[in-house]
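Fold and contact review
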Amino acid sequence: MAEIEALIKAFSGHGVDEKTVISILGNSQPEHRQAFRKEGGFFAEDERRFERWNDHHVKLLKHEFMRFKNAVVLWAMHPWERDARLIKEALKKGPNSNSVIVEIASTRSSDELLGARKAYHSLFEHSIEEDVASHIHGKEKKLLVALVSAYRYEGPKVKEDVAKSEAKALISAVKNAEKQNPIENDEVVRILSTRSKPHLKSVFKHYKEIAGQHFEDELDVHLILQAAVQCLITPQSYFSRVLDEAMRDGADKNTKKGLTRVLVTRADVDIRAISDDYRNHYAIPLADKIEAKAKGSYKEFLLTLMARGN
Amino acid sequence: MSTLTVPAQVPSVTEDCEQLRKAFEGWGTNEQLIISILAHRNAAQRKLIRQTYADTYGEDLLKSLDKELTNDFERVVMLWTLDPAERDAFLANEATKRWTSSNQVLMEIACTRSSKQLLEARQAYHARFKKSLEEDVGYHTNGDFRKLLLPLVTAYRYEGDEVNITLAKSEAKILHEKISNKAYNDEDLIRILATRSKAQINATLNQYKNVYGNDIDQDLEADPKDEYLDLLRATVQCLVRPEHYFEKILRLAINKQGTDEGALTRVVTTRAEVDLKVIKDEYQRRNSVPLDRAVVKDTSGDYEKMLLALLGHGDA
């Protein structure tokens, strides 16, 4: 039935198409709703002969309805509190969210990251670095602790000879990947977590010239290490990738959150540049993709954030 | 507690600047005048003097000082005149350079300053050296020293008093285990010392003593020649008993054949407005002689006078 399909569609995606739900479900008679329950896939036949809400689907719906609220709350927050809370949440969620910690530590300015560290003290009575150090256990730990502790110099000055020799150190670390994962290599961690961003851009430029290929194309490089490099030197590419992954069909719960996070945290910063990068990479304007994948108030909110000042 | 003495009626900034300018005029330099002004002004006052002096005479006060003064006296006045954040940045930078390198100074700055002060030092470092402190420390240190120092200089410790006893017990256990295995450069050991709040570390070390009988200090004495172990012990001391650490530095500096003016100057100028009084008391307790008297015995001239003034000595 067209209406059941439309209703299912209203619940599938990012956010909920409230208008459709109101007009179809709100206008429905008991027999329409029964048809929805029998055919929608959100319900199961209970042994006592009634169609019962599938708990899992209720949870999913809850998340979808909350997407708008979460976006609004996150948007209104002070950027420092926002970043502190995002990091705390990522720590709670476990290793799959380590990339969020990398993202925040590496794409913020030195003062923004500092602000997040201050807010973290107030909110959670611990320092970010102590929580990251005590909650993360894998190979990424060294790099993550170092990244969140950085207070990078932000001037443009770069020493090319130092950048070149550091590129060579990276090349050597990658060559040695069998003996030691580059992400645990002290030199790699030092270079990535202490050098300024302009300096790093130069380091990776030299890397490509000497090694013949981009660092991110090296096979043995840990994903988190790749993400860190991307965040540090080409953040817009990184963000457009996160957005694309969030809107892909079948994306998991955590990946989907990337849509809200990136839009809200970058709307005041570089969303336009991210948008351009997105269109270049994925051949469709970001706004169009959001129009297609997001729904209802959530969608309108995101599009409004993007369109501000246009 | 501070040992700085500022007169009840402080002359206006303009007056101070005029007097300082007078002190530089002519053939010699009126060192006593310089001491009588600068050694009796707090950081905020000194900052204002520097600004006004530069506005009035078109030259940084430090530059004038550099032209007129020499040796130990110049260094103590220069360091004292800098504001605390710049001073820390200057000392830290010096500590990364080849001929003046000192892991100990880096650790001392990282561990005895408050989180805010360490942060301000990092900001001052950007402004003055156009680099981050951590990139220089990372580049100029290596091995176990780097493993320890990098996290120490990049820390932004929580500063509250809250302490988690359960955590203290479990981390005391980790420390004991690593130390028993002589794994002094172990990641977890360093993590605990470099990230936990000072209150938490203190609680952990108390648990350590309660459960294992020894002070962690004793257990870290395994090899007297091991420089890294020395640094580790000093790190612990700086974090929980800075006045003991500074007393020791002063004692070694003074007892040393010929005196280590560098250390003496550094401790006096960096602690005069912080806790030099406590350090003085500790010095007297430990050496049965007042610090002032030891300084008089061991130093001379204007350098001695400046130190005494900063120590809050009566008639300086």
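Sequence order sets the numbering: in each chain, residues are counted from 1 along the sequence as written. Each chain is given a letter, starting from A, and each ligand a number, starting from 1, according to the order in which they appear as written. Per-residue local features are limited, in this predicted model, to residues with pLDDT of at least 70; the limit for side-chain atom pairs, both in listing and counting, is 80 or more; totals at the level of whole chains, interfaces and linings are taken over all residues. Computation of side-chain values: all heavy atoms of the structure, hydrogens and water removed.

An unreviewed UniProt entry annotates chain B as Annexin D1 originating from Citrus sinensis.

By the naming in an unreviewed UniProt entry, chain A is Annexin, taken from Citrus x changshan-huyou.

Our next topic: the overall build of chain A. Helix and strand definitions follow DSSP, with helices as H or I runs of at least four residues and strands as E runs of at least two, each counted in order from the N terminus. Scanning chain A for helices and strands turns up 18 helices and 2 strands. Expressed as a percentage of its 310 residues, the buried residues of chain A come to 52%. Method for areas: the Shrake-Rupley scheme with a 1.4 Å probe, in which residue coverage is limited to the protein chains shown. When the accessible surface of chain A is totalled, it reaches about 15,100 Å², and 51% of it is carbon and sulfur. Positive charges come from Lys and Arg alone, negative charges from Asp and Glu alone, with His and the N- and C-terminal ends not counted. Positions of charges follow a simple convention, taking NZ of Lys, CZ of Arg, CG of Asp or CD of Glu. Across chain A, 50 positive and 47 negative side-chain charges occur, with their mean positions spaced 2 Å apart. When accessible area is computed with a 1.4 Å probe and restricted to protein chains, residues below 20% of their type maximum are described as buried, those above 50% as exposed, and intermediate ones as partly exposed.

When two helices pack together, their arrangement is given by the angle between the helix axes and the distance between those axes. All names here are of chain A. Axis separation between helix H17 (residues 286-293) and helix H18 (residues 296-307) bottoms out at 9 Å; the angle between their running directions is 170 degrees. Compared by their axis directions, H17 and H18 come out roughly antiparallel. Here Leu286, Ala287, Ile290 and Glu291 of H17 lie close against H18, whose contacting residues are Lys299, Leu302, Leu303 and Met306. By residue class, the composition of the contact of H17 with H18 is 6 nonpolar, no polar and 2 charged. In this description, a line fitted to the C-alpha atoms serves as the axis of each element, helices being fitted only across the stretch in contact, and the angle between N-to-C directions of two axes falls anywhere from 0 to 180 degrees. With respect to orientation, any angle under 35 degrees is reported as roughly parallel, any angle over 145 as roughly antiparallel, any angle of 65 to 115 as roughly perpendicular, and every other angle as oblique. Only heavy atoms matter for contacts: two residues are in contact if any of them lie within 4.5 Å across the pair. Only Asp, Glu, Lys and Arg are considered charged in this grouping, and only Ala, Val, Leu, Ile, Met, Phe, Trp, Tyr, Cys and Pro are considered nonpolar; every other residue, Gly among them, is considered polar.

The next thing to look at is the UniProt feature "binding site: Ca(2+)" (unreviewed entry) in chain A. All names here are of chain A. UniProt positions are given in the numbering used here, feature names are shortened, and annotations may be inferred rather than shown by experiment. Under the present numbering, the feature "binding site: Ca(2+)" (unreviewed entry) in UniProt falls on Phe11, Gly13, Gly15, Glu64 and Gly250. Along the chain, Phe11 turns up in helix H1 (residues 2-11). By relative accessible area, which is 10% here, Phe11 ends up buried. Sequence-distant contacts of Phe11, defined by excluding residues within four places in its chain, comprise Val16, Val21, Phe36, Phe42, Leu61, Glu64 and Phe65. Note on placement: Glu64 falls in helix H4 (residues 55-76). With residues near it in sequence (within four places) discarded, Glu64 still touches Phe11, Gly13, His14, Gly15, Val16 and Lys256.

This brings us to the packing of aromatic side chains. Ring pairs shown here join Phe, Tyr and Trp side chains whose ring centres sit within 6.5 Å, with only the six-membered ring taken for Trp; geometry is labelled stacked below 30 degrees between planes, edge-to-face above 60, and tilted in between. Applying the stated rule across the entire model yields 18 aromatic pairs over all chains. Look at A:Tyr278 and A:Tyr282: their rings are 4.8 Å apart centre to centre, the planes differ by 40 degrees, and that puts the pair in the tilted class. Of this pair, A:Tyr278 and A:Tyr282 both sit in helix H16 (residues 271-282), 4 residues apart, which is roughly one turn of that helix. Relative accessible area serves as the criterion here: at 26%, A:Tyr282 is assigned to the partly exposed category. With 4.9 Å between their ring centres and 55 degrees between their planes, B:Tyr53 and B:Tyr57 make a pair best called tilted. Here B:Tyr53 pairs with B:Tyr57, and both are found in helix H3 (residues 43-57), just 4 residues apart, close to one helical turn.

The next point concerns the interface of chain B and chain A. Listed by partner, the interface residues are 27 residues for chain B and 28 residues for chain A. Roughly 2,600 Å² of surface becomes buried between chain B and chain A when both sides are summed, with 55% attributable to carbon and sulfur atoms. Per-residue buried area on chain B facing chain A is highest for B:Glu135, B:Tyr156 and B:Tyr158; these three make up 25% of the total on that side. We count a salt bridge whenever a side-chain nitrogen from Lys or Arg sits within 4 Å of a carboxyl oxygen from Asp or Glu. Along the contact surface separating chain B from chain A lie 4 salt bridges. When the shortest N-O distance is used, the salt bridge between B:Arg196 and A:Glu130 registers 2.7 Å. We call two N or O atoms a polar contact when they sit within 3.5 Å, provided that within protein one can donate a hydrogen and the other can accept it, with sequence-adjacent residues counted only if both atoms are side-chain atoms. One can count 15 residue pairs in polar contact (both at pLDDT 80 or more) joining chain B with chain A. Secondary-structure elements contributing two or more residues to the side of chain B that touches chain A are helix H8 (115-129), helix H9 (133-140), helix H10 (143-153) and helix H12 (187-195) of chain B. Looking at the side of chain B that touches chain A residue by residue, the classes come out as 6 nonpolar, 7 polar and 14 charged. Buried area: the sum, over both parts, of the accessible surface (1.4 Å probe) that disappears when the two are put together.

Here we come to the side chain of B:Glu304. All names here are of chain B. Along the chain, the position of Glu304 falls in helix H20 (residues 301-310). In this structure, Glu304 is buried with no salt-bridge partner, the nearest side chain bearing the opposite charge being Lys305 at 7.1 Å. Aside from chain neighbours lying at most four places away, what touches Glu304 is Val295, Val296 and Thr299.

So, on to the pattern of salt bridges. For the coordinates displayed, the defined rule picks out 51 salt bridges over all chains. Across the pair A:Arg48 and A:Glu47 runs a salt bridge whose closest N-O atoms are separated by 3.4 Å. Connected through salt bridges with shared partners, the residues A:Glu130, A:Lys141, B:Glu171, B:Asp188, B:Arg191 and B:Arg196 form a single ionic network.

Time to look at the state of the cysteines. All names here are of chain B. Here, the term disulfide refers to a pair of cysteine sulfur atoms separated by no more than 2.5 Å. Throughout the structure, instances matching the rule amount to 0 disulfides over all chains. The thiol of Cys111 is not disulfide-bonded; the next cysteine sulfur, from Cys238, is found 5.7 Å away. Looking at Cys111, the relative accessible area reads 0%, which means it is buried.

For the rest of this paragraph, the subject is the confidence of the model for chain B. Of all residues in chain B, 99% attain a pLDDT of 70 or more, and the chain-wide mean is 94. Quick note on the complex model: pTM equals 0.85, ipTM equals 0.78. Summary of the metric used: pLDDT quantifies the predictor's per-residue confidence within the range 0 to 100.

This brings us to unusual backbone geometry. Residues and elements named next belong to chain A. Even without glycine at this site, Glu125 takes up a positive phi of about 55 degrees. Along the chain, Glu125 turns up in the loop between helix H7 (110-124) and helix H8 (128-135). Here Glu125 falls in the partly exposed class, since its relative accessible area comes to 39%. Phi is positive for Ala283, which is not a glycine, with a value near 60 degrees. With respect to the helices, strands and loops of the structure, Ala283 is situated in the loop between H16 and H17. A relative accessible area of 71% places Ala283 in the exposed class.

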